[in-house]
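# Observations on chain architecture
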Amino acid sequence: MQDTLRITEVFYSLQGETRTAGLPTVFVRLTGCPLRCQYCDSAYAFSGGTVRTLDDILEQVAGYRPRYVCVTGGEPLAQPNAIPLLKQLCDAGYEVSLETSGALDISAVDPRVSRVVDLKTPDSKESHRNRYENMDLLTANDQVKFVICSRDDYDWANSKLIQYGLDRRAGEVLFSPSHHDLNARDLADWVVADNLPVRLQLQLHKYLWNDEPGR
Ligand SMILES: C[S@@+](CC[C@H](N)C(=O)[O-])C[C@H]1O[C@@H](n2cnc3c(N)ncnc32)[C@H](O)[C@@H]1O
Ligand SMILES: Nc1nc2[nH]cc(C(=O)O)c2c(=O)[nH]1
Ligand code: SF4
Ligand SMILES: [Mg+2]
């Protein structure tokens, strides 16, 4: 029996987020998530999907001849075979990133992968799931992301930034407005006013293609 994963979609697009925003990237979206963030833009990946072998997924990815591959979901780390998938993508020579909720242990992820770890804010309604042990594992190859819904969320994110010294631990600290909840301009003004050591991140793909799946 070959290793398998339940997959919602594999597609080639421009990376809309993180430090590689704007670069052509293959996305592998894994099905299923144990969280229910109130703002989730990928709820279509909570169920359904197709069971596929790792070899089959790797073959489709190779067909795009990409430099960058992003493994997302759903929550990728909820499927144990996400770990060998990430390793095999690195072995194939791609620059690999992982989008993860921050609720699950990131320690087994191949160190070549840039782990993009969310800290879920109070207004996501899932902040009780944050696994703060992950903060000790972050390296300069990793990124921490706060998806911010309100001024209260912003103040909370700022306090976590200071408490864990995140700008010194991770290569990037990303503050992203929750699409539909917070005006990007307000978040931009707060970051400048407070002179924060963070990068404002907008979801480029939503400006280009709205909220279409597969883009
Ligand atoms: C859909 S999640 C999938 C990976 C993983 N479950 C996670 O939460 O990181 C990918 C990224 O999209 C972000 N996201 C989801 N809905 C969003 C929204 N409405 N506005 C801004 N970012 C959003 C998540 O916070 C996460 O950083
Ligand atoms: N273009 C594009 N970039 C993305 N970066 C992270 C995404 C995600 O859903 O995790 C995503 C996505 O869905 N589309
Ligand atoms: S953890 Fe990620 S996929 Fe799961 S509900 Fe939250 S944003 Fe959506
Ligand atoms: Mg998305």
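Residues numbered from 1 in each chain as written. Chains lettered and ligands numbered in written order. Predicted model: local features only at pLDDT ≥ 70, side-chain atom pairs only at ≥ 80, totals over all residues. Heavy atoms only, no water.

### What about the site of ligand 2?
Taken together, Ser13, Leu14, Gln15, Gly16, Glu17, Phe27, Arg29, Thr72, Glu99, His205 and Arg215 are the residues near ligand 2. Within the side chain of glutamine 15, one N or O atom sits 2.6 Å away from a nitrogen atom of ligand 2. A distance of 2.8 Å separates an oxygen atom of ligand 2 from a polar atom in the side chain of arginine 29. Contact with the protein chains covers 94% of the free accessible surface of ligand 2, which is 320 Å². Cavity membership is defined here by more than half of the atoms lying within 2 Å of grid points; on that basis ligand 2 lies in the largest pocket. When contributions to the shell around ligand 2 are tallied by element, the ones reaching two or more residues are strand E1 (4-14) and strand E2 (24-30). Here the residues of the shell around ligand 2 are counted per class, giving two nonpolar, five polar and four charged. (Near = heavy atom within 4 Å. Polar contact = N/O pair within 3.5 Å; in protein donor to acceptor, adjacent residues only side chain to side chain. Areas by Shrake-Rupley, 256 points an atom, 1.4 Å probe, with all protein chains shown as cover. 1 Å grid on protein atoms, 1.4 Å probe; cavity = no way out; pocket = protein on both sides within 12 Å on 5 of 7 lines; lining within 4 Å. Sits in = over half its atoms within 2 Å of the grid points. Helix = DSSP H or I, 4+ residues; strand = E, 2+ residues; numbered from the N terminus. Nonpolar A, V, L, I, M, F, W, Y, C, P; charged D, E, K, R; others polar.)

### Focus: the UniProt feature "binding site: [4Fe-4S] cluster" (unreviewed entry) in the chain
Mapped onto the present numbering, the UniProt feature "binding site: [4Fe-4S] cluster" (unreviewed entry) falls on Cys33, Cys37 and Cys40. Restricting the annotated residues just mentioned to those that line the largest pocket leaves Cys33, Cys37 and Cys40. Looking at the element boundaries, cysteine 33 is found in the loop between E2 and strand E3 (50-53). Owing to a relative accessible area of 18%, cysteine 33 belongs among the buried residues under this scheme. When near neighbours in sequence (up to four residues on either side) are disregarded, cysteine 33 contacts Phe46, Gly74 and Glu75. One can find cysteine 37 in the loop between E2 and E3. Of the residues examined, cysteine 37 reaches a relative accessible area of 13% and is grouped as buried. (UniProt positions renumbered as here; feature names shortened; annotations may be inferred. Buried < 20%, exposed > 50% of the residue type's maximum accessible area, 1.4 Å probe, protein only. Contact = heavy atoms within 4.5 Å.)

### Re the packing of helix H3 (residues 151-163) against helix H5 (residues 184-194)
At their nearest, the axes of H3 and H5 sit 11 Å apart, and the two run at 40 degrees to each other. When the axis of H3 is compared with that of H5, the two are oblique. In this structure, H3 crosses over H5, and the sense of that crossing is right-handed. Here Arg151, Tyr154 and Asn158 of H3 come into contact with H5, specifically with Leu187, Trp190, Val191 and Asp194. Its residues assigned to classes, the contact of H3 with H5 comprises four nonpolar, one polar and two charged. (Axes fitted to C-alpha atoms, helices over the stretch in contact; angles between N-to-C directions. Parallel < 35°, antiparallel > 145°, perpendicular 65-115°, else oblique. Left-handed = near helix turned anticlockwise from the far one by under 90°.)

### Focus: the site of ligand 1
Residues in contact with ligand 1 amount to 20 residues; listed here are only the nearest, Gly74, Asp118, Lys120, Lys145 and His179. Note that a nitrogen atom of ligand 1 is positioned 3.0 Å from one of the backbone N or O atoms of tyrosine 39. One of the side-chain nitrogen or oxygen atoms of aspartate 118 is found 2.6 Å away from an oxygen atom of ligand 1. Within the complex, the protein chains bury 95% of what would otherwise be the 540 Å² of accessible surface of ligand 1. At a threshold of 2 Å from the grid points, most atoms of ligand 1 map onto the largest pocket. Of all elements in the fold, only strand E5 (95-100) and strand E7 (143-148) reach the threshold of two or more residues within the shell around ligand 1.

### Here we look at the UniProt feature "binding site: substrate" (unreviewed entry) in the chain
On the UniProt side, "binding site: substrate" (unreviewed entry) is annotated at positions that read Leu14, Gln15, Gly16, Arg29 and Thr72 here. Lining the largest pocket, from this annotated set, are Leu14, Gln15, Gly16, Arg29 and Thr72. On the secondary structure map, leucine 14 appears in strand E1. Judged by relative accessible area, which is 31%, leucine 14 ranks as partly exposed. Sequence-distant contacts of leucine 14, that is, excluding residues within four places in its chain, are made with Gly22, Leu23, Pro24, Phe27, Leu208 and Trp209. In this structure, threonine 72 sits in strand E4 (residues 68-72). The class of threonine 72 is buried, set by a relative accessible area of 12%. Contacts of threonine 72, omitting those with residues within four sequence positions, involve Phe27, Val28, Arg29, Leu30 and Glu99.

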